[in-house]
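Next come the chains, spelled out residue by residue.
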Amino acid sequence: LERAERVLSHLLMLARVVASASAAGLGPVDVAALAKEVTAEMVPAAIGMDIDLGYEGQGPALVSADPVLLAELLRNLLTNAIRYAGRGAHVTVQVQKMQHSIVLAVADNGPGLSQAQMHLAAQLGRGAPRPSPQLIRDQHNGMGLGLAVAVEIATLFKAELRLEQPKTGSGLVASITFAERTQ
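Predicted model, so just to flag it, every value in this text is computed and none were measured. (Residues numbered from 1 in each chain as written. Predicted model: local features only at pLDDT ≥ 70, side-chain atom pairs only at ≥ 80, totals over all residues. Heavy atoms only, no water.)

Focus on the pairing of strand S6 (residues 160-164)
- By the alternation rule, side chains of S6 split into Leu161 and Leu163, which are all buried, and Glu160, Arg162 and Glu164, of which none is buried.
- Summarising the sheet, S6 and strand S7 (residues 172-179) pair through 5 bridges and their orientation is antiparallel. Residue pairing across strands places Arg162 opposite Ser175, the latter belonging to S7. (Buried < 20%, exposed > 50% of the residue type's maximum accessible area, 1.4 Å probe, protein only. Helix = DSSP H or I, 4+ residues; strand = E, 2+ residues; numbered from the N terminus. Pairing = 2+ DSSP bridges.)

Right, here's the structure in full:
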């Protein structure tokens, strides 16, 4: 029953995102402040899974977005990291200001994805309409809907969502690159 409720919730959110795509008017959102807030909100779930959840970044970092949908995107990425990184893992939310962009990332030091799953993840940046449910780690019963919602929201914001292996060690980094909003 809990799984069915989660699937239904993700499908409803996906429908809201698709409906929102036709609504213009994304406003300025401080992604750093929002990321701190959502990270703090997810601490109890992380503690329940024995996950060390942290935040790194400085604000403000303005992007064009809808705050409710941006929070949902981050919640979905954090939920996946907390669920799949494994007990005792470290999950870090990062906000970085680059020269003309803002990067919001969720990094973990869990088992990461297999080579085959990373190949499928690479398709996200090449115009694949939806991520394959095969991206979800084999040992879990996820359907990939949280990731599908995250991709749709990122697309709505004209942002790029990427899944990559960290430069060192094991794990996964889910990053969203936004154009920096100047006002």
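Re the environment of Leu70
- Inspection of the secondary structure puts Leu70 in helix H3 (residues 67-85).
- With 32 residues separating them in the primary sequence, Leu70 and Val38 have C-alpha atoms 9.9 Å apart.
- Not counting chain neighbours up to four residues away, the residues in contact with Leu70 comprise Val29, Val31, Leu34, Val63, Ala65, Leu104, Ile153, Phe157 and Phe178. (Contact = heavy atoms within 4.5 Å.)

Things to note about unusual backbone geometry
- Residues other than glycine seldom take positive phi values, yet Asp50 does so here, at roughly 60°.
- The backbone of Lys158 shows a phi angle near 55°, a positive value even though the residue is not glycine.
- Of note, Lys158 is situated in the loop between helix H5 (145-156) and S6.
- Owing to a relative accessible area of 74%, Lys158 belongs among the exposed residues under this scheme.

Some points on the pattern of salt bridges
- The tally for this structure, following the rule as stated, stands at 4 salt bridges.
- Note that Glu41 is salt-bridged to Arg75, the shortest N-O span being 2.5 Å. Remark: Arg75 occurs in helix H3 and Glu41 occurs in helix H2 (residues 31-48); sequence separation between them is 34 residues.
- A relative accessible area of 39% places Glu41 in the partly exposed class.
- Owing to a relative accessible area of 24%, Arg75 belongs among the partly exposed residues under this scheme.
- Residues Arg162 and Glu160 are paired through a salt bridge, measuring 3.6 Å at the closest nitrogen-oxygen approach. (Salt bridge = Lys/Arg side-chain N within 4 Å of Asp/Glu carboxyl O.)

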